[in-house]
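One letter stands for each residue in the lines below.
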Amino acid sequence: MLLPQLALTGCAVALLPLLIVWRSKEPNKQRKLLAVTLALTFELIMFGAFTRLTDSGLGCPDWPGCYGQANPLQSHADIKAAELAMPDGPVTLQKAWIEMLHRYLATSVGILIIAQVVLAWRSRRRTGISPWLASSLLLLVCLQGAFGAWTVTLKLQPVIVTTHLLLGMALLALLAAAHEQQRPVPARDSAAQRLRGPALLALLLVVIQIALGGWVSTNYAALACQDYPTCHGVWVPQMDFEHGFHLWRQLGMTRDGAYLPFPALVAIHWVHRNFALLVAAVVVVVAWRARGTLSCAGLGRYLLLAIAAQMAIGISTVLFSWPLSLAVLHNGGAATLVLLLTMLNCRLRFAWCNR
């Protein structure tokens, strides 16, 4: 009964977005559904960050349920027993609810994606738009679900958790691309077309930076440097890159099973914060040039605001010792940059620009 109960819960969460689409006056229901799914996926990424940052990833140490049940209420006795056995452990009733709410929200996104795949295939002859881009979303969300399961079963192994984050960003980007595909195609903007290479570079750099940020979070290296712009009062602190960036290892351990040395955490943090300077410089140049075009000026302005906010939040998280609210906002800022740069690249590539 576990899987049917979880599916019903996901359907219940997805019901409101589906009703919004069905009641909408928008004639293009697929585009409306993609917009709603895009918004819900953004919220899922934010809530996933909240789950990670509150150490709730193992709030239910099995998958897909919680101690074999569909919700923490049904497994209350098991959760309390685990909490009494390890008061400082990862299992509490609050963390169990956070983890299960994250899974319910993820299930609802999967259901919405199934619905939009059905719409894409039904409307392909009327719209002339290929349904394969929309269909690839279903494969991606299944892969994301598998990594969500491995995140739990492999006990928050850093490379698995970081990949889970990257796949979430990829899902957001692909949804944005599918939504852009539904836009009417106006005339080409020759000035904007010269941005195609730099815009793609900016997106790739942002993805690398997100991977580095995920590596910081999953290795608990956020507080390895608590001053800025220096680290422990120096520009180049003592660092251990070999252990810090060895990918296949357990959380907090080296590949040989020893505890991860502190200089390894410093190396992880230091690379992330300094690579951010290169990313910011490239994004600012791209955004400024986009702002000077007729077709993508709006996206350029939004990108400038987003990168400025992201840098300010990133520095503030260090200076204020990584408060939860700023850390979650930092993840949201990264998702915003992925969203805007994906839209920019799609519009430059296929001339889907604002009129």
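Predicted model, so just to flag it, every value in this text is computed and none were measured.

Thresholds applied
Residues numbered from 1 in each chain as written. Predicted model: local features only at pLDDT ≥ 70, side-chain atom pairs only at ≥ 80, totals over all residues. Heavy atoms only, no water. Helix = DSSP H or I, 4+ residues; strand = E, 2+ residues; numbered from the N terminus. Rg over C-alpha atoms; globule rule 2.2 N^0.38 Å. Buried < 20%, exposed > 50% of the residue type's maximum accessible area, 1.4 Å probe, protein only. Salt bridge = Lys/Arg side-chain N within 4 Å of Asp/Glu carboxyl O. Disulfide = S-S within 2.5 Å. Core = buried A, V, L, I, M, F, W, Y, C linked by side-chain atoms within 4.5 Å. Contact = heavy atoms within 4.5 Å. Patch = residues over 30% accessible without salt bridge, like charges linked within 9 Å, V, L, I, M, F, W, Y side chains within 5 Å. Areas by Shrake-Rupley, 256 points an atom, 1.4 Å probe, with all protein chains shown as cover. Axes fitted to C-alpha atoms, helices over the stretch in contact; angles between N-to-C directions. Parallel < 35°, antiparallel > 145°, perpendicular 65-115°, else oblique. Left-handed = near helix turned anticlockwise from the far one by under 90°. Nonpolar A, V, L, I, M, F, W, Y, C, P; charged D, E, K, R; others polar. Expected span 1.5 Å × (residues − 1). Bend = angle between axes of the 7 residues up to and from the residue.

Here we take up the overall build of the protein chain. Along the protein chain, the regular secondary structure elements total 13 helices and zero strands. When the helices and strands of the protein chain are placed in sequence order, the string is α-α-α-α-α-α-α-α-α-α-α-α-α. Compactness check: the protein chain gives a C-alpha radius of gyration of 22 Å against a globular reference of 20 Å for 355 residues, within 12% of the reference. Scored against the burial criterion, the 355 residues of the protein chain give a buried share of 50%.

Turning to the pattern of salt bridges, a few remarks are in order. For the structure on display, the rule yields five salt bridges. As a salt-bridge pair, E99 and R103 come within 2.9 Å of each other at their nearest N and O atoms. Placement of the pair is E99 and R103 together in helix α4 (residues 93-122), with a separation of four residues, close to one helical turn. Considered together, E99 and R103 belong to a single accessibility category, that of buried residues. In this structure, E242 and R255 form a salt bridge, with 3.1 Å as the shortest nitrogen-oxygen distance.

With that out of the way, let us pick up the state of the cysteines. The full count for this structure, using the stated rule, is two disulfides. Between C60 and C66 runs a disulfide, and the two sulfur atoms are separated by 2.1 Å. Residues C60 and C66 are joined by a disulfide whose S-S torsion is about -80°; by sign, that bridge is left-handed. The connectivity of the disulfide bonds within the protein chain can be written as 1-2, 3-4, using the sequence rank of each bonded cysteine. C142 takes part in no disulfide bond, and the closest cysteine sulfur, belonging to C11, lies 15 Å away.

Ranked by size, the top nonpolar core spans 73 residues in total, and within it L171, V206, V283, L303, L341 and L344 carry the most contacts. Ranked by the residues each element gives to this core, the list is headed by helix α11 (residues 262-291), at 13 residues. Once residues within four sequence positions are removed from consideration, L171 is found in contact with T41, V109, I113, L137, L140 and V141. Formed by 10 residues, the second largest nonpolar core is a distinct cluster that contains L6, A70, I79 and Y104.

Moving on, we come to a nonpolar patch on the surface. Taken together, the side chains of W150, L154, L247 and W248 make up a nonpolar region of the molecular surface, amounting to roughly 440 Å² of accessible area. Its location among the elements puts W150 in helix α6 (residues 132-153).

This part covers the environment of N274. Locating N274 in the fold gives a position in helix α11. A C-alpha to C-alpha distance of 44 Å links N274 and L119, two positions 155 residues apart in sequence.

Turning to the packing of α4 against α6, a few remarks are in order. Orientation of α4 relative to α6, taken along the N-to-C sense of each, is 160°, at an axis distance of 8 Å. With respect to α6, the element α4 is oriented roughly antiparallel. When you trace α4 past α6, the crossing you get is left-handed. When α4 is examined against α6, the residues E99, R103, G110, I113, I114, Q116, V117, A120 and W121 are found in contact with a partner set consisting of W132, A134, S135, L137, L138, V141 and V152. Tallied by class, the residues present in the contact of α4 with α6 amount to 11 nonpolar, three polar and two charged.

Here we come to unusual backbone geometry. Across the junction of W63 and P64, the peptide omega takes the value 5°, indicating a cis bond. For P64, the location among the structural elements is in the loop between α2 (29-53) and α3 (76-85). The linkage connecting Y228 with the following residue, P229, adopts the cis geometry, with an omega of 10°. If you check the backbone angles, K155 has positive phi at about 60° while not being a glycine. When you line up the elements, K155 lands in the loop between α6 and α7 (158-181).

To continue, consider helix α1 (residues 2-23). The end-to-end C-alpha separation of α1 is 32 Å, in line with the 32 Å expected for 22 residues at 1.5 Å each. When the local axis directions of α1 are compared, the greatest deviation, roughly 35°, occurs at L15, which is followed within four positions by the proline P17. Taken residue by residue, α1 has L6, G10, A14, P17 and V21 as its buried positions. Of the surrounding secondary structure, the elements contacted by the buried residues of α1 are α2 and α4.

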